[in-house]
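Chain residues, written in single-letter form:
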Amino acid sequence: MNTPILDFVANYRAKNAVRLHMPGHKGKTYLGAEPLDITEITGADDLYHAEGIILESEENAASLFGAGATFYSTEGSSLAIRAMLYLVRLLAESRGETPRVLAGRNAHKNFLSAVALVDVETEWLFSKDFGLLSCDIDLETCDRMLGEKHYTALYITSPDYLGNLSDIRALSALCKKHGTLLLVDNAHGAYLKFLPTSLHPLDLGADLVCDSAHKTLPTLTGGAYLHVAKSAPRLLRDEAKAALALFASTSPSYLILQSLDYTNKLLSERLPKTIADTAARAAALKKALAEGDYTLTGDEPLKLTLLPKAYGYTGKEILEYLESQNIVCEFADPDFLVLMLSSETTEADTDTLAQALLSLPKRTPIKDEPPHVARPTACLSPRAAMMAAAETVPIERAVGRILASPTVSCPPAVPILVSGERIEEDAVRAFAYYGIDFCRTVK
């Protein structure tokens, strides 16, 4: 597969032109990448009005993913999520409907900011145990809620941060039954398309999907895709660029665009095999760890999530142990340890990880569980709460107040409470459990 963006920048670099355009480094080398860092000069195209090399590269990506159209983001899936919500609003208004979304409760905090910015009415699907990072969507409940009132879209996160995959095919069938779009935050699952059998949401019936290429493909941080399915309403494809441009920087990174462009070439050549090989090694590693008395969760092929308390440790304790072995993890909290593999994870890497984990002596299991948070009461919409005058208070003084902005770090960026909800004692205990000492509340 050709690489039009990469080739253009390489040719421009070779000309050694006098650069009287942005950026200010003028191609002089300080970090190493500067000669390849350009802006929208003649021939370089314009990301949000693409007609040349960027359009060609995006069409290459769409053909690889089997999308009706694929659009690049140099600002991660966060930008794509905002664009998806805006497209939902446009579609609803074109039909004379109230823009309304039913969403899995484990949505990334960026979904909340998108809801507030776009002003879309949102209701939540909860897990039975109100888990924080996962949302096991009950199909009967989803079917009932979709039937009780009209939702423009159902929004889910799959894979979730712990590596759980939703039944997208079944959810797609429900959405089609009720005339509802299916939106999937697939930020952690770009590679799923390139397994021997695709598990990508586009192939399972989703209408709009965002992928963070940088999370699981060999792409620079910030590289992401917004995919529109071939069967999705035409308006979504026609307005996608405008939706992205509404929230995006007018100076997209050409380093990231080159990386996305080159990723197309890799996906058309070696990556499907290396992804399959890594998935096979990951499955073998999971089996060995389970036989070594570790407890694992999640069914995403290239994510390894341990339940460390069953082995006698907190997630942070195992993270610190692995870091002492020069192994750096994705995420840990008291209850989980998340490790992410990719096509670039070598056999030596997985062998090193296996040896380190299997060398760690098992201890008496830790029995305590994370605090249970009851289903909260919404007092304001997320938009009203986020736009209200607010103040930062210690969590012990927050009981009875209304949360203004999500109080959670990234990772994992899944809020304990949603903006506009009342803070009760159980939520304060959860804040404390996860190391959150202050929160923003409505004045």
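Here goes a summary of the coordinates provided. (Residues numbered from 1 in each chain as written. Predicted model: local features only at pLDDT ≥ 70, side-chain atom pairs only at ≥ 80, totals over all residues. Heavy atoms only, no water.)

Digging into the overall build of the chain
The criterion, for reference: Only runs of H or I of at least four residues qualify as helices and only runs of E of at least two qualify as strands under DSSP, and these elements are numbered from the N terminus. Think of it in three bands: with a 1.4 Å probe and only protein chains considered, a residue is buried below 20% of the maximum accessible area for its type, exposed above 50%, and partly exposed in between. By definition in these notes, contact holds between two residues if any of their heavy atoms fall within 4.5 Å.
Counting its regular elements, the chain contains 15 helices and 13 strands. Considered along the principal axes of its C-alpha atoms, the chain spans approximately 65 × 60 × 45 Å. Taken across its 443 residues, the chain has 54% of its residues classed as buried. Counted over contacts in the chain with a minimum sequence separation of 6, partners at least 24 positions apart contribute 71%.

Points about the packing of helix 11 (residues 271-291) against helix 13 (residues 347-359)
Rules: Axes, fitted as lines to C-alpha atoms, cover a helix only where it is in contact. Angles between the N-to-C directions of the axes lie from 0 to 180 degrees. Just so you know how the angles are binned, under 35 degrees is roughly parallel, over 145 roughly antiparallel, 65 to 115 roughly perpendicular, and the rest oblique. Each residue gets one label: Ala, Val, Leu, Ile, Met, Phe, Trp, Tyr, Cys and Pro are nonpolar, Asp, Glu, Lys and Arg are charged, and the others, such as Gly, are polar.
Interhelical geometry of helix 11 versus helix 13 gives an angle of 10 degrees and a closest axis separation of 11 Å. Taken together, the axes of helix 11 and helix 13 are roughly parallel relative to one another. Between helix 11 and helix 13, the residues in contact are R281, L285, A288 and L289 and E347, T350, L353, A354, L357 and L358, respectively. Among the residues making up the contact of helix 11 with helix 13, the classes are represented as seven nonpolar, one polar and two charged.

Describing the packing of aromatic side chains
The following threshold applies: Any Phe, Tyr or Trp ring, taking Trp's six-membered ring, that has another such ring centre within 6.5 Å forms a pair; planes under 30 degrees apart are called stacked, those over 60 apart edge-to-face, and the others tilted. A positively charged side chain is recorded as over a ring if its NZ (Lys) or CZ (Arg) lies within 6 Å of the ring centre. The angle to the ring normal must also be within 35 degrees.
For the coordinates displayed, the defined rule picks out ten aromatic pairs. Judged by centre distance (5.1 Å) and plane angle (80 degrees), the rings of F65 and F194 are edge-to-face. Remark: F194 occurs in the loop between strand 5 (181-185) and helix 7 (201-204) and F65 occurs in helix 2 (residues 53-65); sequence separation between them is 129 residues. Since its relative accessible area comes to 0%, F65 is described here as buried. Here a set of aromatic residues connected by ring pairs shows up, and it is made of F65, Y72, F194 and Y225. When the ring centre of W124 is taken as reference, the NZ or CZ atom of R105 above it lies at 5.3 Å.

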